[in-house]
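Residue-level structure breakdown
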Amino acid sequence: MEAYLDNAATTSVFPEVADIMFKVMKEDYGNPSSKHTRGMEAERYINNAAEDIASLLKCQTKEIIFTSGGTESNNMALIGAALANKRKGMHIITTSIEHASVHEPLARLEEQGFEVTYLPVGKNGILDETVLEDALREDTILVSVMYVNNEIGSVQDINKLCNIVKKKDNSILFHTDAIQAYGKYRIIPKKLGADLVSVSGHKIHGPKGSGFLYVKDKTKIHPLILGGGQQRGMRSGTENVPAIAGLGLASRLIYSMEDHVEKMYALKKQFIDRVKELGGITINGIDNIPLEETAPHIISVLFEGTRSEVLLHALAAKGIYVSSGSACSSNHPELSGTLKAAGVKDSLLDSALRFSFSVFTTKEQIDYTIDVLAEELPVLRKFTRK
């Protein structure tokens, strides 16, 4: 049996998405900038995807900029907004548990003279609204807070945080990395109060290399990629039509599914209830809060007496695929901050694994995973004892 439980890293594409992408690549392969029939056919796919996404976000199609994925969307939002608004101020606020695609662009901006305040979060990874309010200054131009944390599944009240920022100064831009939230929550930027929203396609059974950035109309933001003037000059370069078509269809499909979020919550509860029986287990990010206030698809587990990398490979040998929550990965420094913010002791930072679900995850896969853990943990703990 195989249990793919690494869906926060990437998902398999919907079969319909693969079909439409193949059709675009083989049949409707024109350059969307070309003025002939083939070009107009290709452009139609882009327009249709923009209309589908705009309909879901209840926004205008011109507020959607297609990108190569979440990393580019985050870079464009942060660097583009900072450079466009630096005459007003050079202070930016974010949290200590953002993804590297937020932290790294902000580090680059710091090198250019911007000041970035990194706010701490509570044990469950939640940002206290008073902490944000106290950090706002006259020269603050941008706030960036992720909607759903990619490692422990904490969910921020983006609407409340936006209201605090806008009440202080309506001109301060609010960006949210919604990469793990899109497809699980109804995201209406105008209701949230967000000016910039980042999304990635391969988290919702769309293709890798696809994504978009929502940019509220009249928001000042500089383009990062210059050239042919595609997408109203905001993101030059020939559009990746197969990926955009796949992203639009995946968006439509994921939001047309009935009860898929409730089913993932049921799987999450099943997993937590069973994994606790194994002993020496701690679930991150769920202390004293209802399960429904955490993300439906992400579980971070500490397995005392083991090393995450060793356990990960033991599970992979049995066809179970998960992610390491190790703080020791030099490529992912944000993991350490997230786990530490969740109250994890230094001695346990290297014992975390992340399990993440999708619409295709089954109860049988959960049971199989727990059964394998029950077999492997005693053996691994025996050999790792000092």
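The preceding data block contains the structure.
So, a few notes on the structure that sits alongside this text. All residue numbers refer to position in the chain's written sequence, counted from 1. Note on the predicted model: pLDDT of at least 70 is required for a residue's local features to be given, and 80 or more for side-chain atom pairs to be given and counted; whole-chain, interface and lining totals, by contrast, use all residues. Excluded from the side-chain calculation are hydrogens and water; included are all heavy atoms of the structure.

1. What about the pattern of salt bridges?
- Salt bridges are defined as contacts in which a side-chain nitrogen from Lys or Arg sits within 4 Å of a carboxyl oxygen from Asp or Glu. Counted under the stated rule, the structure contains 23 salt bridges.
- Taking the shortest distance from any N to any O, the salt bridge between Arg354 and Asp6 comes out at 3.4 Å. Of this pair, Arg354 sits in strand S13 (residues 352–356) while Asp6 is found in the loop between strand S1 (3–4) and helix H1 (15–26), placing the two residues 348 residues apart along the sequence. For the pair shown, Arg354 and Asp6 are each scored as buried.
- Residue Asp273 is joined to Lys269 by a salt bridge in which the shortest nitrogen-to-oxygen separation is 2.8 Å. For the purposes of this entry, the term helix denotes a DSSP run of H or I that reaches at least four residues, the term strand denotes a run of E that reaches at least two, and both are numbered from the N terminus. Classification of residues uses two cut-offs on accessible area relative to the type maximum, computed with a 1.4 Å probe and protein chains only: under 20% is buried, over 50% is exposed, and between them is partly exposed.

2. A short note on the sheet that holds strand S12 (residues 323–324)
- With antiparallel pairing, four strands are arranged side by side in an open sheet as S9-S10-S13-S12. The two strands at the open ends of the sheet, each matched to only one other strand, are strand S9 (281–284) and S12.
- At least two bridges found by DSSP between two strands is the condition for calling them paired. With four bridges connecting them, S9 and strand S10 (residues 298–303) associate as antiparallel partners. Considered in S10, the bridge of Ile283 is made with Val301.
- By the convention used here, residues are in contact when the closest approach between their heavy atoms is within 4.5 Å. To get an axis, fit a line to the C-alpha atoms, keeping to the stretch in contact for a helix; angles then go from 0 to 180 degrees between the N-to-C directions. Strand contacts of helix H9 (residues 260–275): S9, S10 and S13, with the helix running at about 10 degrees to S10, the strand carrying the most contacts.
- Running at roughly 40 degrees to S13, helix H10 (residues 308–316) makes contact with S10, S12 and S13 of the sheet.

3. Section: the nonpolar core
- Among buried residues, the Ala, Val, Leu, Ile, Met, Phe, Trp, Tyr and Cys ones that are joined through side-chain atoms within 4.5 Å form a nonpolar core. Residues Phe66, Tyr147 and Tyr182 are the most contacted members of the largest nonpolar core, which totals 63 residues.
- Aside from chain neighbours lying at most four places away, what touches Tyr147 is Ser154, Val155, Gln156, Ile158, Thr176, Asp177, Ala178, Ala181, Tyr185, Ile187 and Leu192.
- In this structure, Leu5, Phe271, Val301 and Val322 belong to the second largest nonpolar core, which totals 29 residues.

4. Observations concerning H9
- Expected span, for any helix, means 1.5 Å times one less than how many residues it has. For H9, which comprises 16 residues, the first-to-last C-alpha distance of 22 Å matches the rise-based estimate of 22 Å (1.5 Å per residue) to within 8%.
- Every buried residue belonging to H9 is among His260, Val261, Met264, Tyr265, Leu267, Lys268, Gln270, Phe271, Ile272 and Val275, and all of these are buried.

5. A short note on helix H4 (residues 100–111)
- Here H4 contains twelve residues, and its C-alpha end-to-end distance of 16 Å stays within 8% of the 16 Å for a straight helix at 1.5 Å per residue.
- Along H4, the residues classified as buried are Ala100, Ser101, Val102, His103, Pro105, Leu106 and Leu109.
- Once H4 finishes, Gly113 follows within two positions and takes phi at roughly 105 degrees, a positive value.

6. Comments concerning the packing of helix H2 (residues 37–57) against helix H8 (residues 241–256)
- Relative orientation of the contacting elements H2 and H8 amounts to 30 degrees, with a least axis distance of 9 Å. In terms of orientation, H2 lies roughly parallel with respect to H8. You can see that H2 and H8 cross each other, and the crossing is left-handed. Contact residues: Ala42, Tyr45, Ile46, Ala49, Asp52, Ile53 and Leu56 in H2; Val241, Ile244, Ala245, Leu247, Gly248, Ser251, Arg252 and Tyr255 in H8.
- Under the convention adopted here, Pro, Cys and the residues Ala, Val, Leu, Ile, Met, Phe, Trp and Tyr are nonpolar, Asp, Glu, Lys and Arg are charged, and Gly plus all remaining residues are polar. When the residues that make up the contact of H2 with H8 are grouped by side-chain class, the tally is eleven nonpolar, two polar and two charged. Our angle categories are set so that under 35 degrees counts as roughly parallel, over 145 as roughly antiparallel, 65 to 115 as roughly perpendicular, and the remainder as oblique. Whether a crossing is left-handed or right-handed is set by the direction in which the near helix is turned from the far one by less than a right angle, anticlockwise for left-handed and clockwise for right-handed.

7. Overview of the sheet that holds strand S7 (residues 196–200)
- Read across the sheet, seven strands follow the order S2-S8-S7-S6-S5-S3-S4 without closing on themselves; strand pairing throughout is mixed. Taken across any chain shown, the strands that pair with only one partner, and hence form the sheet edges, are strand S2 (64–67) and strand S4 (115–119). Pairwise comparison of adjacent strand axes, ignoring direction, gives a mean angle of 20 degrees for this sheet.
- The sheet contact formed by strand S5 (residues 140–144) and strand S6 (residues 173–177) spans three bridges and is parallel. Looking at S6, one finds that Val143 is bridged to Phe174.
- Along the sheet, helix H3 (residues 70–85) makes contact with S2, strand S3 (91–95), S5, S6, S7 and strand S8 (211–215), crossing S7 at roughly 160 degrees.

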